[in-house]
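Structural characterization, general
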Amino acid sequence: MPILRISLGRREEATHPAALKAALAEFICTLIFVFAGEGSGMAFNKLSDFQGTTPSGLVAAALAHAFALFVAVSVGANISGGHVNPAVTFGAFMGGNITFFRGILYWIAQLLGSVVACLLLKYATNGMTTGAFALSSEVTVWNAFVFEIVMTFGLVYTVYATAIDPKRGSLQTIAPIAIGFIVGANILVGGAFDGASMNPAIAFGPALVSWDWTNHWVYWAGPLIGGGFAGLIYEFIFIERSHEQLSTSIDF
């Protein structure tokens, strides 16, 4: 049962060389992802004279995030697992696939990667605003809350099916593509309503740099709930394990 596999781990994991290397990989991968994703939105806004969300802008954002996440997951997969997202890390934790201490280390690295990416974008664009995620006038915070839960559930479920499940087989080779595709598809669905974050880190960096925290809780609560449910459901129903160790634990 997944809940029985949840582990705090050891405090030494926070200073273990393998864990620090994994955290550094998460920092770099998240920086790559946020720089390309947030940067594409800034570039399109500049080219369209800041006319707001348009169909072409939504497609451009979906493609940029899908391609960037494909690369970020690919380059981090063999080092940290390529989470690039606190919600993915939380889903892995709820399924017993990463320890609490290592998960916290990942979270810190992911949030720092997002902040640094936004600071670099602000400097490189000569002070352009890194726009925080915002709700459209047609939706309430609770509408957006449901959007984020459902979209992140689909994302983390895809991560489990293609990257974590021991029976994944050859699917592992297409995991980064599948993960990138589901994010791109979800942006096409939810992007016009709440920005389609699915990732607390990618929402945190722009909010901090622009100091705009309006409805920011939605972009944490929704993804964490959706990711946690996906981890529990996939691990409990679809994965058969004997007594193997945590896939991201550290041997001392």
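Here's what I pulled together on the structure shown here. (Residues numbered from 1 in each chain as written. Predicted model: local features only at pLDDT ≥ 70, side-chain atom pairs only at ≥ 80, totals over all residues. Heavy atoms only, no water.)

Moving on, we come to the overall build of the protein. From N to C terminus, the protein includes nine helices and zero strands. The order of α-helices and β-strands along the protein, N terminus first, is α-α-α-α-α-α-α-α-α. Its C-alpha atoms give the protein a radius of gyration of 17 Å, near enough to 18 Å, the size a compact globule of 252 residues would have. Taking the principal axes of its C-alpha atoms as reference, the protein extends roughly 55 × 35 × 30 Å. Out of the 252 residues in the protein, the part that is buried amounts to 49%. Considering only contacts in the protein between residues 6 or more positions apart, those separated by 24 or more positions represent 82%. For the protein, the accessible surface area stands at approximately 12000 Å², while carbon and sulfur atoms represent 69% of it. Where the 10 positive side-chain charges of the protein centre and where its 14 negative ones centre are 9 Å apart. (Helix = DSSP H or I, 4+ residues; strand = E, 2+ residues; numbered from the N terminus. Rg over C-alpha atoms; globule rule 2.2 N^0.38 Å. Buried < 20%, exposed > 50% of the residue type's maximum accessible area, 1.4 Å probe, protein only. Contact = heavy atoms within 4.5 Å. Areas by Shrake-Rupley, 256 points an atom, 1.4 Å probe, with all protein chains shown as cover. Lys, Arg positive; Asp, Glu negative; His and termini not counted. Charge placed at Lys NZ, Arg CZ, Asp CG, Glu CD.)

Time to look at a nonpolar patch on the surface. Taken together, the side chains of L24, I28, I32, F70, V71, V75, L171, I174, I177 and F181 present a nonpolar region at the surface, about 830 Å² in accessible area. Tracing the chain through its elements places I174 in the loop between helix 6 (141–164) and helix 7 (175–194). Judged by its relative accessible area of 40%, I174 is partly exposed. (Patch = residues over 30% accessible without salt bridge, like charges linked within 9 Å, V, L, I, M, F, W, Y side chains within 5 Å. Salt bridge = Lys/Arg side-chain N within 4 Å of Asp/Glu carboxyl O.)

Scanning the model with the defined rule gives one salt bridge in all. Between D165 and K167 there is a salt bridge; the shortest N-O distance is 3.5 Å.

Another aspect to go through is the environment of I6. On the secondary structure map, I6 appears in the loop between helix 1 (2–5) and helix 2 (17–47). Judged by relative accessible area, which is 26%, I6 ranks as partly exposed. Linking I6 and T173, residues 167 residues apart in sequence, is a C-alpha distance of 27 Å. Other than its neighbours up to four places away in sequence, I6 contacts F93, M94 and G96.

Read these as layout, nothing more, since geometry by itself doesn't imply function.
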